[in-house]
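A look at the structure
Chain residues, written in single-letter form:
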Amino acid sequence: MKIRTERISDYEEVFQLNYLAFQNREDESRLIERIGLSDQFIPELSLIAEENHHIVGHVVFSKAEVVDEENSHEVIVLAPIAVMPSHQKRGVGSKLIQEGLKRCAELGYEFVFLIGHPTYYPKFGFKPAKKYGFELKQFRVPDEVFMFCDLKEGTATQQIKGELVYPKSFLI
Ligand SMILES: CC(C)(COP(=O)(O)OP(=O)(O)OC[C@H]1O[C@@H](n2cnc3c(N)ncnc32)[C@H](O)[C@@H]1OP(=O)(O)O)[C@@H](O)C(=O)NCCC(=O)NCCS
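Treat the numbers as computed from the prediction; the structure is a model and nothing was measured. (Residues numbered from 1 in each chain as written. Predicted model: local features only at pLDDT ≥ 70, side-chain atom pairs only at ≥ 80, totals over all residues. Heavy atoms only, no water.)

**Structural notes on helix α3 (residues 92–106)**
- Taking 1.5 Å per residue, 15 residues should reach 21 Å; α3 reaches 21 Å between its end C-alpha atoms and fits that length.
- All buried positions along α3 are accounted for by Val92, Gly93, Ser94, Leu96, Ile97, Gly100, Leu101, Arg103 and Cys104.
- Lining the buried residues of α3 we find β1 (2–5), β2 (46–51), β3 (54–67), β4 (72–83), β5 (111–115) and β8 (146–150).
- Immediately beyond the C-terminal end of α3, within one or two residues, lies glycine 108, with a positive phi of roughly 95°. (Helix = DSSP H or I, 4+ residues; strand = E, 2+ residues; numbered from the N terminus. Expected span 1.5 Å × (residues − 1). Buried < 20%, exposed > 50% of the residue type's maximum accessible area, 1.4 Å probe, protein only. Contact = heavy atoms within 4.5 Å.)

**Re the environment of phenylalanine 124**
- Along the chain, phenylalanine 124 turns up in the loop between β5 and β6 (127–128).
- Along the chain, phenylalanine 124 and glutamate 51 lie 73 residues apart, while their C-alpha atoms are 23 Å from each other.
- Beyond its immediate sequence surroundings of up to four residues, phenylalanine 124 is in contact with Ser94, Ile97, Gln98, Leu101 and Cys149.

**A look at helix α1 (residues 11–21)**
- Buried within α1 are the following residues: Val14, Phe15, Leu17 and Asn18. Angularly, the buried residues of α1 cover 165° about the axis, an arc narrow enough to put them on a single face.
- Looking at the buried side of α1, the elements it contacts are α2 (27–36), β2, β3 and β4.
- Following α1 by one or two positions, glutamine 23 adopts a phi angle in the positive range, close to 50°. (Arc of directions from axis to C-beta.)

**As for the environment of alanine 64**
- With respect to the secondary-structure elements, alanine 64 resides in strand β3.
- The spatial distance from the C-alpha of alanine 64 to the C-alpha of phenylalanine 113 is 8.9 Å, given a sequence separation of 49 residues.
- Beyond its immediate stretch of four places on either side in the chain, alanine 64 contacts His73, Glu74, Val75, Val77, Leu164, Val165, Tyr166 and Pro167.

**Things to note about the nonpolar core**
- One finds Phe113, Phe134 and Leu164 to be the most contacted residues of the largest nonpolar core, which totals 26 residues.
- If we skip the residues at most four places from it in the chain, leucine 164 touches Ala64, Glu65, Val66, Val75, Val77, Phe113, Glu135, Leu136, Gln138 and Phe146.
- Counting residues in each nonpolar core, the second largest holds 25 residues, with Ile42, Leu78, Ile97 and Tyr109 among its members. (Core = buried A, V, L, I, M, F, W, Y, C linked by side-chain atoms within 4.5 Å.)

**Observations concerning unusual backbone geometry**
- Here the residue pair alanine 79 and proline 80 is connected by a cis peptide bond, since its omega of -10° sits within 30 degrees of zero.
- Assignment of secondary structure puts proline 80 in strand β4.
- If you check the backbone angles, asparagine 52 has positive phi at about 50° while not being a glycine.
- For histidine 53, which is not glycine, the phi dihedral falls at a positive 65°.

**Focus on the pairing of β4**
- Where burial is concerned, most of β4 is hidden: 9 out of the 12 residues are buried.
- Summarising the sheet, β3 and β4 pair through 10 bridges and their orientation is antiparallel. Across the sheet, the residue bridging to histidine 58 is alanine 82, located in β4.
- Here β3 hands over to β4 after 4 residues, the two strands then running antiparallel side by side.
- Alignment of β4 against β5, held across 2 bridges, turns out to be parallel. Directly across from isoleucine 76, in β5, lies its bridge partner valine 112. (Pairing = 2+ DSSP bridges.)

See below:
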């Protein structure tokens, strides 16, 4: 299996993969479309897991902001991530996340936020965000599912706090 950057020609397969992984719902596939057309899209952070020339996993990391009364700080949000049901629990999701976090760090980003399963993401370095002074007001979710990863290992967390604001692609 290899992880590579998504190409425009992957569109149909990515749509179908997300449809199947999210139990025959189109919401996440439509979210991917909106992110792809937005200013928050970063092509090299849209990743494919490919096995025998078939797409078996996909993840998008895109731009969002952390804002306080005075400042706005560009961060990354991870969403959505999907692995083909037939290929789950074989490490595909882990490889996509690890490669994505590596690329985010290389691009100079400090934080990656997500809303997700609280038992799955800690092994990649994600921690509960509220405990570290971050807020989420746009979505009403349990505290433990709102998580972040500090790519500079603690240095940035001390300086930056505020509300995570998802761009409008996420708000429909
Ligand atoms: C969530 C999702 C992306 C995870 O992808 P995945 O490829 O199944 O994840 P991984 O294989 O990396 O890890 C899943 C589990 O398999 C285990 N695992 C990883 N490699 C393994 C291997 N070679 N053999 C056995 N188990 C393995 C992991 O330890 C992990 O265990 P955990 O339940 O204790 O966390 C996938 O399940 C999915 O697409 N779900 C539907 C869509 C969804 O819910 N997306 C996320 C929204 S937050």
